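Each chain, letter by letter, is given below.
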Amino acid sequence: MDPGSSCFHSDPDFCPECGSILPLPGLQDTITCPRCKFAIDVKDFEGKVVQSATLFNKLESSPMLLLQGEEGAEIQGPLIDRKCSRCGHEGMTYHTRQMRSADEGQTVFYTCVKCKYQEKEDS
């Protein structure tokens, strides 16, 4: 098999060998995958048009809550279907923080929208 051919077929934006996102073409004659070093001839990308768009949700349609909690503190975050372990209410907000080292998961903090009880979950 020659070095520029793969036994897999993929979307042109992804490496056909490992599936990683390919970098944009530059001045080189080939595009090299940063993960597996598979090389693709830059001519394979001639005429390709890349389009992107950003759509913003209207603030009124967002499932974010902004509540006044105890001592005037604001409780905000996405509203999810989670049952409060204290009052049993179905509906909590959450936010995440990196509490431990960077190679470990984030800690998720949940707040009940009814009784303001907070619980955390390490991921």
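Source: prediction; values computed, not measured. (Residues numbered from 1 in each chain as written. Predicted model: local features only at pLDDT ≥ 70, side-chain atom pairs only at ≥ 80, totals over all residues. Heavy atoms only, no water.)

(A) How the structure looks around the pattern of salt bridges. Taken as a whole and assessed by the stated rule, the structure comprises three salt bridges. Between Arg-82 and Glu-119 there is a salt bridge, and its shortest N-O distance comes to 3.0 Å. On the criterion of sequence distance, the pair formed by Arg-82 in strand S4 (residues 74-83) and Glu-119 in strand S7 (residues 118-122) is long-range, its members being 37 residues apart. By relative accessible area, Arg-82 is classed as partly exposed at 24%. Where Glu-104 meets Arg-100, a salt bridge forms, and the shortest distance between an N and an O atom there is 3.3 Å. (Salt bridge = Lys/Arg side-chain N within 4 Å of Asp/Glu carboxyl O. Helix = DSSP H or I, 4+ residues; strand = E, 2+ residues; numbered from the N terminus. Buried < 20%, exposed > 50% of the residue type's maximum accessible area, 1.4 Å probe, protein only.)

(B) Up close: the environment of Cys-18. Residue placement: Cys-18 occurs in the segment before strand S1 (30-32). Its relative accessible area of 25% is what places Cys-18 among the partly exposed residues. Between the alpha carbons of Cys-18 and Phe-38 there is a distance of 8.6 Å; along the sequence they are 20 residues apart.

(C) Representation of the packing of aromatic side chains in the model. Under the criterion given, the structure shown has one aromatic pair. Between Tyr-94 and Tyr-110, the aromatic rings sit 6.3 Å apart at their centres with planes inclined by 45°, giving tilted as the arrangement. Remark: Tyr-110 occurs in strand S6 (residues 107-112) and Tyr-94 occurs in strand S5 (residues 90-97); sequence separation between them is 16 residues. Between Arg-82 and the ring centre of Tyr-110, over which it is positioned, the NZ or CZ distance is 3.7 Å. (Phe/Tyr/Trp six-rings, centres within 6.5 Å; stacked < 30°, edge-to-face > 60°. Lys NZ or Arg CZ within 6 Å of the ring centre and 35° of its normal.)

(D) Inspection of the environment of Val-42 at higher detail. Summarising the element assignment, Val-42 is placed in the loop between strand S2 (39-41) and strand S3 (64-68). Non-local contacts of Val-42, meaning those with residues more than four positions away in its chain, are made with Pro-25, Gln-28, Asp-29, Thr-30 and Ile-31. (Contact = heavy atoms within 4.5 Å.)

(E) Structural context of the nonpolar core. Of all hydrophobic cores here, the largest spans seven residues; its members are Cys-15, Leu-22, Ile-31, Cys-33, Phe-38, Ile-40 and Phe-45. Of all hydrophobic cores here, the second largest spans five residues; its members include Cys-84, Met-92, Val-108 and Cys-112. (Core = buried A, V, L, I, M, F, W, Y, C linked by side-chain atoms within 4.5 Å.)

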